[in-house]
Amino acid sequence: MKVKTRKVKKSRIDEVDFDHLKFGEMFSDHMFRMDYTDGKWLEPEIVPFGPIEVLPSLSTLHYGQTVFEGLKAFRSRDGGINIFRPDKHAERMMHSCERVCIPQVGKDIFVDAVEELVRLDQAWVPSARGTALYIRPLALAMESYIGVRVAESYSFFIMTSPVAAYFKEGLNPVKLMTSGEFVRSCPGGLGEAKTAANYAASLFPAYDANRRGYAQVIWLDALEGKYVDEVGTMNICFVKDDTLITPSLEGTILPGITRDSVLQLARHWGMKVEERRISIDEVMASIKDGSMTEAFGTGTAAVISPIGEIYHKGETAIINDGRIGPVSQKLYDTITGIQYGEIPDPFGWIHTV
Ligand code: COI
């Protein structure tokens, strides 16, 4: 792909404290932009990262016709750059676009654009273990119109941000609670699309959980409030009787790329894997009877995030004495080992730049 590039006059990289990175606060010098109008995507360009001009009547601000992705580039042990599974993220973004009527940019363009941008801002890829360049593609309607309809013009952006761990707990287990009152998504809704509305639905319950000392909410299904769907910004997995169990993809949860990587790895190791409905009652009871030995969240931002405690309807269950378990640790070590080019990648997950 040919991308017209306008570079910054002076890089801002000296403003970054690479020893104390946080999540998602600093953005690298450039961003990718491609606009859609009159039924087609126009010439792509890379320009300095900066403000975009929109009117308060921008339809997206009102009705949320927008989708995004989150993937990461890692500094590999040999000094190169590894992007983790960009093709899978491209595929998911195309599905998300379809769900909210945004014209697809195409998987190849997505991957080429990510690669081109990361190559240009390669100095921003941090090198410490646990850090990465987080890549945030975003597509949104760009129409100034406040009637509710599918827009006719769009923009596709990609921005990047050097980051450290998403949770302040890092690899230390997090505490989660169910929400008795709120749901994230329902059958036929938007749950499997990475669109802003799902995150808007999660804000108040997550804020409330934080106030009570919990890191995130465990979402239960909207119809019966019985089955575990996912966690705030992550998918969820359990280890019960040496079997890895994760809620099946039935349209209400996000098809996570880290989730998929975890399932592939567990099967590769010969572990029994079940993608099925799992009720919160089964979770609480099997933590208490000792058959459920681990629980963890999976996500691009969070990687593998062990869960140490679950609160549900007045009861608290502590998992593995609030410590990370061996399966979670092995998954974390293997996935990050592949990402940082420290161990072989038998699955073809790494896209080198
Ligand atoms: C991710 O894991 O990449 C996410 O998109 C989660 C969050 C930062 C919104």
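Note that this is a predicted model, so its numbers are computed, not measured.

(A) How the structure looks around the packing of aromatic side chains. Per the counting criterion, the structure on display carries 14 aromatic pairs. Between the aromatic rings of Phe-84 and Trp-349, the centroid separation amounts to 5.6 Å while the plane-to-plane angle is 75°, which identifies the pairing as edge-to-face. With Phe-84 in strand S7 (residues 81-84) and Trp-349 in the loop between helix H7 (326-339) and strand S19 (350-352), the pair connects residues that are 265 residues apart, well separated along the chain. There is no split in this pair, since Phe-84 and Trp-349 are both buried. Between Tyr-214 and Tyr-311 the ring centres are 5.9 Å apart and the planes differ by 40°, which places this aromatic pair in the tilted class.

(B) Broad picture of empty space enclosed by the protein. In total, this model carries two cavities of 30 Å³ or more according to the counting rule given. Considered as a void within the structure, the largest cavity measures approximately 80 Å³ in volume. Around the largest cavity sit Leu-71, Lys-72, Phe-74, Phe-84, His-89, Ile-257, Thr-258, Gly-299, Thr-300, Val-303, Ile-335 and Gln-339, which together line it. Of all the elements in the fold, those that place two or more residues in the lining of the largest cavity are strand S6 (71-75), helix H5 (257-268) and H7. Its residues placed into classes, the lining of the largest cavity shows six nonpolar, five polar and one charged. Structurally, the lining of the largest cavity is a two-domain feature, drawing no fewer than three residues from each of domain 1 (4-164) and domain 2 (174-332).

(C) Looking closely at the domain arrangement of the protein chain. When the domains of the protein chain are assigned, the result is domain 1 (4-164) and domain 2 (174-332). The centre of domain 1, based on its C-alpha atoms, is set 27 Å off from the matching centre of domain 2. Listed per partner, the contact involves 19 residues of domain 1 and 19 residues of domain 2. Between domain 1 and domain 2 the total buried area reaches about 1500 Å² when both faces are included, carbon and sulfur atoms providing 58% of it. When the area that domain 1 buries against domain 2 is broken down by residue, the three leading residues are Phe-68, Arg-92 and Arg-99, summing to 38%. Counting every contact that joins domain 1 to domain 2 gives one salt bridge. A salt bridge links Asp-260 to Arg-85, with the nearest nitrogen and oxygen atoms 2.8 Å apart. Across the contact surface, domain 1 and domain 2 share eleven residue pairs in polar contact (both at pLDDT 80 or more). Mapped onto the side of domain 1 that touches domain 2, the elements with two or more residues apiece are strand S5 (66-68), S6 and helix H2 (86-99).

(D) Highlighting the pattern of salt bridges. Tallied over the entire structure, the rule returns 20 salt bridges. When the shortest N-O distance is used, the salt bridge between Lys-240 and Glu-282 registers 2.8 Å. In this pair, Lys-240 sits in strand S13 (residues 235-240) while Glu-282 sits in helix H6 (residues 280-288), placing the two residues 42 residues apart along the sequence. We classify Lys-240 as buried; its relative accessible area is 17%. A salt bridge links Glu-275 to Arg-259; the nearest nitrogen and oxygen atoms lie 2.9 Å apart. Remark: Arg-259 occurs in helix H5 and Glu-275 occurs in strand S15 (residues 272-275); sequence separation between them is 16 residues.

Definitions and cut-offs
Residues numbered from 1 in each chain as written. Predicted model: local features only at pLDDT ≥ 70, side-chain atom pairs only at ≥ 80, totals over all residues. Heavy atoms only, no water. Phe/Tyr/Trp six-rings, centres within 6.5 Å; stacked < 30°, edge-to-face > 60°. Helix = DSSP H or I, 4+ residues; strand = E, 2+ residues; numbered from the N terminus. Buried < 20%, exposed > 50% of the residue type's maximum accessible area, 1.4 Å probe, protein only. 1 Å grid on protein atoms, 1.4 Å probe; cavity = no way out; pocket = protein on both sides within 12 Å on 5 of 7 lines; lining within 4 Å. Points joined across faces, edges and corners; volume = space filled by probe spheres on them. Nonpolar A, V, L, I, M, F, W, Y, C, P; charged D, E, K, R; others polar. Domains from an automatic or database assignment. Contact = heavy atoms within 4.5 Å. Buried area = accessible area lost by both parts, 1.4 Å probe. Salt bridge = Lys/Arg side-chain N within 4 Å of Asp/Glu carboxyl O. Polar contact = N/O pair within 3.5 Å; in protein donor to acceptor, adjacent residues only side chain to side chain.

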